[in-house]
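Coordinate analysis (summary)
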Amino acid sequence: MKGNAIVPSYVLEFLLGQYCATSDEVSIQSGIQTVKEILAKHYVHRSEAGLIRSNIREKGRWKVIDKIAVSLNDKSDLYEATFSNLGINKVVVETDTVTAHPKLLVSGIWCIAEVEYDHREEPNTVPWVLMSLKPIQLSSFDFEAYLQAREGFSTDEWIDLLCQTIGFDPRHFGRRGKLLQLMRLIPYIERNYNLIELGPKGTGKSHVYSEFSPHGILVSGGEVTVPKLFVNNSSGKLGLVGFWDVVAFDEFAGKQKRVDKALVDIMKNYLANKTFSRGVETLGADASMVFVGNTRHTVPYMLKHTDLFEELPDKYYDSAFIDRLHAYLPGWEVDVIRGEMFSSGYGFIVDFLAEILRYLRNQDHSDGYLAHFTLSADISTRDRDAVHKTFSGLMKLLFPGGGASVEELQEILTLALECRKRVKDQLMRIDDTYPAVDFSFTTGDGAKVSVQTLEEIEYPRWYQQRSGSAGEVAREQATAPGPAGSEAAADTNGADPPPAKTATSPAAAGNSDPRASAAPGSVLGPRDSTPMFQRRPARGIRSSVRTRPG
């Protein structure tokens, strides 16, 4: 549908809702053609802005699709609009228009606007006149109606609806796969949430942060500077963290990336304290941080030779930075996106859900489990805060009005503990000064439930080893070029035997392969029973490390 129009999904959905809101196939195809013509005729490409301005001058007026932001000029006591792509500003806007659509003053919204050209000889006058404005984005919503609508769905139906809103057919995912997809939305619904996802290419890691919400921005991890991200000392202008709910770093992995150490130091302070200092002033922000990147090795290879953070740039491969991450989403468990996985069913208009998620940032559901479960006293304050944030985010997504059963609370708490445990266990491999932590909780009847990550259950021999001072050497060896075929030998010949039965959470207890027989309602969910190292082949990076068979 997009063609060469660089418009967000919610802009397309608005237009499709205007012209294709029917079940008649002939009308749908006609509406799609109309939408394509509207985009071709009225969407403003920045490279063609000069031509569009000329067309408006020659024809007198023209409709454009553009992102419009409004500010108050207190000297002239007028509201003035700026057109992002068209490149015009100081266009006078009527007060009634601003009152009806207050988001114009906050971050700007996409609109269909009719612009007129009226040149006059008076000084300091702008020839551009805004004749009409129709927002494409949502300008208001009823949260209470949203909560009432949620009560009409079962938990499984609601999860499927959210998956379809993201764009995926839930029939292609198990329970755990759906929850991992929805975890990508937590940064939008939880303030100052720090999430990392590393995994193979083509799994859709960056899609949610580039297309889903007008309140998030996706930037290249190698192009971020301190002034761009935090604040410019010379101008005093606030950076990205001051204007967006979510700042996501794409292609974050890669040891060869050049990184400013000052940026890492300021970021560590921001991730921990929600503040940053530049010059003499300390500022705060509530933007969540997301780091997504590709891995080059399989999970058993990383566990055997380095760790699950091996792909981080060198200056970020720092225990202090890693410890500030609230959750590690296992990207290797997310399937590579295929055409049949896209949804053709009903879902929320993404702009509507984006506004709901932003509204829910003001709420806190982190104490929702306290009446039924007690976390281990061994869990530190930082670990506990991380678990609480993940738990709160999932609760607000799945149960915005409350009403979760004890089993559902346990499922969400277990996943939150697992994602933080993945971070902490890798820290133990990187830095020997980090002690082992008992990630467990106690149920209301006094039963203790220990939580394990899926890779810990599958590869216990490699998962439990601690690197210590040799960790960095192993990391360098594992990524150095070597003889062809050696990585395959390391992954195959050094394969771990089937894991022994371990006492873990109910989802994994008593089964050597938890994915094959986990209960449908468990946190693990139904999955392919093929071992992980057989499902994903090595990804082309050769190693000089060789191992003996067995």
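Residues numbered from 1 in each chain as written. Predicted model: local features only at pLDDT ≥ 70, side-chain atom pairs only at ≥ 80, totals over all residues. Heavy atoms only, no water.

Looking only at helices and strands, one finds 23 helices and 15 strands in the protein chain. Counting every position in the protein chain, which comprises 550 residues, the buried fraction comes to 52%. Working note: accessible area of the protein chain is about 24,300 Å², and carbon and sulfur atoms make up 50% of it. (Helix = DSSP H or I, 4+ residues; strand = E, 2+ residues; numbered from the N terminus. Buried < 20%, exposed > 50% of the residue type's maximum accessible area, 1.4 Å probe, protein only. Areas by Shrake-Rupley, 256 points an atom, 1.4 Å probe, with all protein chains shown as cover.)

A word on the packing of helix α1 (residues 9-19) against helix α2 (residues 25-42). Interhelical geometry of α1 versus α2 gives an angle of 135° and a closest axis separation of 9 Å. One way to sum up the angle between α1 and α2 is to call them oblique. The handedness of the crossing between α1 and α2 is right-handed. Between α1 and α2, the residues in contact are L12, L15, L16 and Y19 and S27, G31, I32, T34, V35, I38 and L39, respectively. Grouping the constituent residues of the contact of α1 with α2 by class yields eight nonpolar, three polar and no charged. (Axes fitted to C-alpha atoms, helices over the stretch in contact; angles between N-to-C directions. Parallel < 35°, antiparallel > 145°, perpendicular 65-115°, else oblique. Left-handed = near helix turned anticlockwise from the far one by under 90°. Contact = heavy atoms within 4.5 Å. Nonpolar A, V, L, I, M, F, W, Y, C, P; charged D, E, K, R; others polar.)

The predicted model of the protein chain has a mean per-residue pLDDT of 82, with 81% of residues at 70 or higher. Low pLDDT (under 50) marks residues 468-550, which in the prediction has 177 contacts with non-local residues, meaning those over four places away or in another chain. (pLDDT = per-residue confidence, 0-100.)

We now examine α2. When the terminal C-alpha atoms of α2 are compared, their 25 Å separation across 18 residues agrees well with the 26 Å that a helix rising 1.5 Å per residue should span. Within the span of α2, buried status applies to I28, G31, V35, I38, L39 and H42. Taken end-on, α2 shows its buried residues confined to a sector of 100°, consistent with a single buried face. Looking at α2, the residues exposed on the side facing more than 90 degrees away from the buried face are V26 and A40. (Expected span 1.5 Å × (residues − 1). Arc of directions from axis to C-beta.)

The tally for this structure, following the rule as stated, stands at 28 salt bridges. A salt bridge links R61 to E116; the shortest N-O distance between them is 2.6 Å. In this pair, R61 is assigned in strand β1 (residues 61-73) and E116 in strand β4 (residues 109-117), connecting sequence segments 55 residues apart. Note on E116: relative accessible area 19%, which makes it buried. A salt bridge links R120 to D118; its shortest N-O distance comes to 3.2 Å. Note on D118: relative accessible area 27%, which makes it partly exposed. In this structure, a network of salt bridges that share partners links the residues R176, E333, E418, R422 and E455. (Salt bridge = Lys/Arg side-chain N within 4 Å of Asp/Glu carboxyl O.)

Below, the discussion takes up the pairing of strand β8 (residues 246-250). When a strand is regular, its side chains alternate between the sheet's two faces. Taken across its five residues, β8 has four buried, putting it largely inside the fold. Pairing analysis gives five bridges linking strand β7 (residues 216-220) to β8, with the strands arranged parallel. Within the sheet, the bridge partner assigned to G216 lies in β8 and is V246. Pairing between β8 and strand β11 (residues 288-294): four bridges, direction parallel. Bridge pairing links F249 to F291 in β11. (Pairing = 2+ DSSP bridges.)

This next bit is on the environment of S450. Residue placement: S450 occurs in strand β15 (residues 448-450). The class for S450 is partly exposed, based on a relative accessible area of 23%. Sequence separation between S450 and F439 is eleven residues; the distance between their C-alpha atoms is 6.3 Å.

This part covers the pairing of β11. Among the seven residues of β11, seven are classified as buried, and the element is accordingly described as predominantly covered. Of the two faces of β11, the one carrying S288, V290, V292 and N294 and the one carrying M289, F291 and G293 are both buried. When strand β6 (residues 194-199) meets β11, the two strands line up parallel, connected through six bridges. Paired with E197 across the bridge in β11 is V292.

Our next topic: the sheet that holds β15. An order of β13-β14-β15 is seen for the three strands of this open sheet, with the pairing classed as antiparallel. This sheet does not close on itself; its edge strands, each paired only once, are β13 (374-375) and β15. Here β13 runs beside strand β14 (residues 440-442); their pairing, made up of two bridges, is antiparallel. Its bridge partner lying in β14, T374 is registered against T442. Lying over the sheet, helix α17 (residues 406-430) contacts β13, β14 and β15, oriented at roughly 150° with respect to β14.

It is worth spelling out the side chain of K396 at this point. Within the fold, K396 resides in helix α16 (residues 381-398). The buried category is assigned to K396, whose relative accessible area is 1%. For K396, the side chain forms a polar contact with the main-chain oxygen of I189, separated by 2.9 Å. Here the side chain of K396 touches L360 through a polar contact of 3.1 Å, landing on its backbone oxygen. (Polar contact = N/O pair within 3.5 Å; in protein donor to acceptor, adjacent residues only side chain to side chain.)

What follows covers the packing of aromatic side chains. To describe a pair of aromatic rings, one takes the distance between the centres and the angle between the planes. Per the stated rule, a full pass over the model turns up 29 aromatic pairs. Ring centres 5.6 Å apart and planes at 40° place the aromatic pair F348 and F352 in the tilted group. Note on Y369 and F391: the rings are 5.3 Å apart at their centroids and 80° apart in plane angle, and the pair reads as edge-to-face. One end of the pair, Y369, is in the loop between α15 (350-360) and β13; the other, F391, is in helix α16, with 22 residues separating them in the sequence. (Phe/Tyr/Trp six-rings, centres within 6.5 Å; stacked < 30°, edge-to-face > 60°.)

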